[in-house]
Amino acid sequence: MHLPPPDDAAVQALWNDFLESHPRLPDAGDPPTAEQFGDAPALADELLGLVLAGRKRATACLVVEFALEGARLPRIGDHWIACDGAGVPRVVLRSVELRIGSIDSVDEAFARDEGEGDLTRESWLREHRAYWLRVAPVQGFIWDDGLEVLFERFRVVWPPGPAD
């Protein structure tokens, strides 16, 4: 099952709430990208639940996915909005660390910070390979362990309840 697109009006409303609470923020204007974790509503909800619980503070995606979408790679300090499986925006995130490397370059600390599975590197490698093997044909690329992975750590900055 595919993810529904983010609710643009709700994304704008969440971003406006964030900006009103942060009047000195230089990023005023249009909301940042709105994304969902995973490739299906149940997975998006599960992973967002880990974010809301404070367990997940990292994510990984393939550089080729940005290229296929015509999107620029994130930069440290960028904000983005994470939505649930129905496309409802739930939190504003801020990128605090970015690194590009191969899948095999993931370390134990990153696997733990991503907050999934049993928090080990082995689990992370197994689950991410399986995920990318599943989505590659749908997104139009061929999975290869040599593809560049964007490893990102983030903080939750809005709303106040789940914020770091």
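Structure first, text after, so check above.
Residues numbered from 1 in each chain as written. Predicted model: local features only at pLDDT ≥ 70, side-chain atom pairs only at ≥ 80, totals over all residues. Heavy atoms only, no water.

**Quick word on the overall build of the protein**
Part 1 of the reasoning: When its secondary structure is counted, the protein shows 5 helices and 5 strands.
Part 2 of the reasoning: Ordering the α and β elements of the protein from the N terminus gives α-β-α-β-α-β-β-α-α-β.
Part 3 of the reasoning: By the compact-globule yardstick of 15 Å for 164 residues, the protein fits well, its C-alpha radius of gyration being 15 Å.
Part 4 of the reasoning: Summarising its shape, the C-alpha atoms of the protein cover approximately 45 × 30 × 25 Å along the three principal directions.
Part 5 of the reasoning: Among the 164 residues that make up the protein, the fraction classed as buried is 41%.
Part 6 of the reasoning: For the protein, contacts bridging at least 24 residues in sequence account for 69% of all contacts bridging at least 6.
Part 7 of the reasoning: Of the roughly 8,500 Å² that the protein leaves accessible, carbon and sulfur atoms contribute 54%.
Part 8 of the reasoning: Counting 16 positive and 29 negative side-chain charges, the protein places the averaged centre of each group 6 Å from the other. (Helix = DSSP H or I, 4+ residues; strand = E, 2+ residues; numbered from the N terminus. Rg over C-alpha atoms; globule rule 2.2 N^0.38 Å. Buried < 20%, exposed > 50% of the residue type's maximum accessible area, 1.4 Å probe, protein only. Contact = heavy atoms within 4.5 Å. Areas by Shrake-Rupley, 256 points an atom, 1.4 Å probe, with all protein chains shown as cover. Lys, Arg positive; Asp, Glu negative; His and termini not counted. Charge placed at Lys NZ, Arg CZ, Asp CG, Glu CD.)

**Considering the side chain of Thr59**
Part 1 of the reasoning: Inspection of the secondary structure puts Thr59 in strand 2 (residues 58-62).
Part 2 of the reasoning: Residue class for Thr59 comes out buried when judged on its relative accessible area of 12%.
Part 3 of the reasoning: Sequence-distant contacts of Thr59, that is, excluding residues within four places in its chain, are made with Phe37, Trp80, Phe110, Glu114, Leu150, Phe151, Glu152 and Phe154.

**Comments concerning the side chain of Arg153**
Part 1 of the reasoning: Within the secondary structure, Arg153 is located in strand 5 (residues 149-158).
Part 2 of the reasoning: Side chain to side chain, Arg153 and Glu97 meet in a polar contact 2.7 Å long. (Polar contact = N/O pair within 3.5 Å; in protein donor to acceptor, adjacent residues only side chain to side chain.)

**Section: the pattern of salt bridges**
Part 1 of the reasoning: The tally for this structure, following the rule as stated, stands at 10 salt bridges.
Part 2 of the reasoning: One salt-bridge network, in which partners are shared between bridges, spans Lys56, Glu114 and Glu116. (Salt bridge = Lys/Arg side-chain N within 4 Å of Asp/Glu carboxyl O.)

**With respect to the environment of Gly161**
Part 1 of the reasoning: Tracing the chain through its elements places Gly161 in the segment after strand 5.
Part 2 of the reasoning: Put simply, Gly161 and Leu52 are 109 residues apart on the chain and 8.8 Å apart in space, counted from C-alpha to C-alpha.

**Some words on the pairing of strand 3 (residues 79-83)**
Part 1 of the reasoning: Burial analysis of strand 3 places 5 of its 5 residues in the buried class, the great majority of the element.
Part 2 of the reasoning: Of the two faces of strand 3, the one carrying His79, Ile81 and Cys83 and the one carrying Trp80 and Ala82 are both buried.
Part 3 of the reasoning: Where strand 1 (residues 34-36) lies against strand 3, 3 bridges are found, and the strand directions are parallel. The residue bridging Glu35 from the neighbouring strand is Ala82, located in strand 3.
Part 4 of the reasoning: As paired elements, strand 3 and strand 4 (residues 89-101) share 5 bridges and run antiparallel to each other. Bridging across to strand 4, His79 finds its partner in Arg94. (Pairing = 2+ DSSP bridges.)

**What about the sheet that holds strand 3?**
Part 1 of the reasoning: One open sheet accounts for 5 strands, arranged 1-3-4-5-2; its pairing is mixed. In this open sheet, the two strands that pair with only one neighbour each are strand 1 and strand 2. Neighbouring strand axes in the sheet, compared pairwise and without regard to direction, differ in orientation by 45° on average.
Part 2 of the reasoning: Strand direction decides the pairing type here: strand 2 and strand 5, joined by 5 bridges, are antiparallel. Looking at strand 5, one finds that Thr59 is bridged to Glu152.
Part 3 of the reasoning: Most of the contacts of helix 1 (residues 8-21) go to strand 4, to which it runs at about 85°, and overall it touches strand 1, strand 3, strand 4 and strand 5.
Part 4 of the reasoning: Its contacts with the sheet put helix 2 (residues 41-52) on strand 1, strand 3, strand 4 and strand 5, and the angle it makes with strand 4 is roughly 90°. (Axes fitted to C-alpha atoms, helices over the stretch in contact; angles between N-to-C directions.)

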